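Spelled out from the first residue to the last, the chains are:
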Amino acid sequence: MSALADLLGEIAACRVCEAALPCGPRPALRAAAGARILLAGQAPGRKVHESGVPWDDASGKRLREWLAVDAETFYDPECFAIVPMGFCYPGTGPSGDLPPRPECRRLWHPRLLPLLERVELVLAVGYYAQAYHLAARKRSLTETVAAWREYFPAVMPLPHPSPRNQMWLARNRWFESELLPALRARVAEVLGR
């Protein structure tokens, strides 16, 4: 087996933060050595925890629309490495899902990300992914996403595609008119389409 396959097996068996997970561990990620795009989200939600398939929810559907890719391409690990900040569902708090557990980022990311040598584009979805993947983040998620040209073409900061973010999208029309066309063109370029 390859080093990446061995590591993915270790991650699948991980129980490091089991006591802190309300539904138990079920790491949800995908990766292959040939992946061209790294999709760095926050952590799986309850529905993804139940299915075991990353972005298998309304947020994933919207994200695929933003990227202008079909499910087959999105779930091809040779195209997209799906590596969230936390690999397991962290539970729900008063205002939505809890933040990703920090153990994954500390324990697994330093070993996993260097094995993804062909990545040309990082999609940093949400605050926690942006904090990790952007050297110079702005004061807020909105300011960071609005400054996308500063990180482009290597990294694209994105808001979470959750249906809960309808108001954010309505207040920030530039996201759809300016950022999404550039994002779609860059994804197509990286995937050779």
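If you look the protein chain up in an unreviewed UniProt entry, it shows as Probable uracil-DNA glycosylase from Chromobacterium violaceum.

Draft legend 1. Structural detail: the layout of surface pockets. Space inside the largest pocket adds up to approximately 710 Å³. In terms of lining residues, the largest pocket is bounded by 29 residues, among which Gln 42, Ala 43, Asp 97, His 160 and Ser 162 are the most central. For the lining of the largest pocket, the secondary-structure elements that each account for two or more residues are helix H2 (46–51) and strand E4 (96–97). Counting residues per element, the lining of the largest pocket draws most heavily on H2, at three residues. Empty space within the second largest pocket amounts to approximately 160 Å³. Every residue lining the second largest pocket is listed: Arg 62, Trp 66, Gln 166, Leu 169, Ala 170, Asn 172, Arg 173, Phe 175, Glu 176 and Leu 180. When residues of the lining of the second largest pocket are traced back to their parent elements, those giving at least two are helix H3 (58–67), helix H9 (166–171) and helix H10 (174–190).

Draft legend 2. Structural detail: the sheet that holds strand E1 (residues 37–40). If you walk across this open sheet you meet the four strands as E2-E1-E5-E6, and the pairing is parallel. The strands lining the two open edges of the sheet, one partner per strand, are strand E2 (80–82) and strand E6 (155–158). Put simply, the sheet's adjacent strands are angled 20° from each other on average, direction ignored. The sheet contact formed by strand E5 (residues 121–125) and E6 spans four bridges and is parallel. Bridge assignment links Val 122 to a residue of E6, and that residue is Val 155. Contacting E1, E2, E5 and E6, H10 runs over the sheet at an angle of about 140° to E6.

Draft legend 3. Structural detail: the pairing of E5. The buried fraction of E5 is high, at five of five residues. Burial along E5 is two-sided: the residues Leu 121, Leu 123 and Val 125 and Val 122 and Ala 124 are all buried.

Draft legend 4. Structural view of the pattern of salt bridges. Scanning the model with the defined rule gives seven salt bridges in all. Arg 111 is paired through a salt bridge with Glu 10; the nearest N and O atoms lie 3.0 Å apart. Of this pair, Arg 111 sits in helix H6 (residues 109–112) while Glu 10 is found in helix H1 (residues 3–12), placing the two residues 101 residues apart along the sequence. Assessed through its relative accessible area of 39%, Arg 111 is described here as partly exposed. One salt bridge in this structure joins Glu 150 and Lys 138, with 2.8 Å as the shortest N-O distance. Of this pair, Glu 150 sits in the loop between helix H8 (141–146) and E6 while Lys 138 is found in the loop between helix H7 (127–133) and H8, placing the two residues twelve residues apart along the sequence.

Parameters and conventions
- Residues numbered from 1 in each chain as written.
- Predicted model: local features only at pLDDT ≥ 70, side-chain atom pairs only at ≥ 80, totals over all residues.
- Heavy atoms only, no water.
- 1 Å grid on protein atoms, 1.4 Å probe; cavity = no way out; pocket = protein on both sides within 12 Å on 5 of 7 lines; lining within 4 Å.
- Points joined across faces, edges and corners; volume = space filled by probe spheres on them.
- Helix = DSSP H or I, 4+ residues; strand = E, 2+ residues; numbered from the N terminus.
- Pairing = 2+ DSSP bridges.
- Axes fitted to C-alpha atoms, helices over the stretch in contact; angles between N-to-C directions.
- Contact = heavy atoms within 4.5 Å.
- Buried < 20%, exposed > 50% of the residue type's maximum accessible area, 1.4 Å probe, protein only.
- Salt bridge = Lys/Arg side-chain N within 4 Å of Asp/Glu carboxyl O.

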